[in-house]
Structure formats: structure tokens, C-alpha cells
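In case you want the letters, here they are:
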Amino acid sequence: MRSWGTRDVLDTPLVQPGLAAEISADTSIDRGGLYRHPIRYVRLRLDASMEDVPQFGGGPATAAG
């Protein structure tokens, strides 16, 4: 797998999700079709289980803070 502007092969370990985290994301896309800003970790959500978190591509639902 290649990404982040490098030609090196990146090691991508697969993980089993067990904890929910809150993130901050900006959906701005530049003229090249790339996201303009990285996703930022906000906090661990110990009050939420994995069943409370919508799956990626699961529709327009958003998680409430």
C-alpha cells in the first residue's frame, strides 16, 4: 500500500475495533481532489460502544456529541 506522498511501501496492520474515539474532520477538498486537512483525534469515548457508532459508508447519519 502506498500513500501520504511516499513511494515506500507502508506497513498497514489490520486491527479489530474495540473502542470508540471522537475525531474532528474537515471535508474541504482541494483542486486536485485531495482532502485539505488531516483528521484529528479529539478524545476517547468511553461512554459509547462500537454498536453506537455508525459504520463508514452507512449513510448520512452522524454521531451526536
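Residues numbered from 1 in each chain as written. Predicted model: local features only at pLDDT ≥ 70, side-chain atom pairs only at ≥ 80, totals over all residues. Heavy atoms only, no water.

A. Structural context of the overall build of the protein chain. Within the protein chain, the secondary structure is distributed over zero helices and two strands. Looking at the protein chain residue by residue over its 65 residues, the buried ones come to 3%. Accessible area of the protein chain: about 6,400 Å², with a carbon and sulfur share of 55%. (Helix = DSSP H or I, 4+ residues; strand = E, 2+ residues; numbered from the N terminus. Buried < 20%, exposed > 50% of the residue type's maximum accessible area, 1.4 Å probe, protein only. Areas by Shrake-Rupley, 256 points an atom, 1.4 Å probe, with all protein chains shown as cover.)

B. Quick peek at the side chain of Arg45. Along the polypeptide, Arg45 turns up in the segment after strand 2 (40-44). Among the polar contacts made by the side chain of Arg45, one reaches the side chain of Asp47 at a distance of 2.9 Å. (Polar contact = N/O pair within 3.5 Å; in protein donor to acceptor, adjacent residues only side chain to side chain.)

C. Quick look at a nonpolar patch on the surface. A cluster of nonpolar side chains, Leu19, Tyr41, Leu44 and Leu46, forms an exposed patch at the surface whose accessible area comes to about 480 Å². Residue position: Leu46 is located in the segment after strand 2. Leu46 sits in the exposed class, given a relative accessible area of 70%. (Patch = residues over 30% accessible without salt bridge, like charges linked within 9 Å, V, L, I, M, F, W, Y side chains within 5 Å. Salt bridge = Lys/Arg side-chain N within 4 Å of Asp/Glu carboxyl O.)

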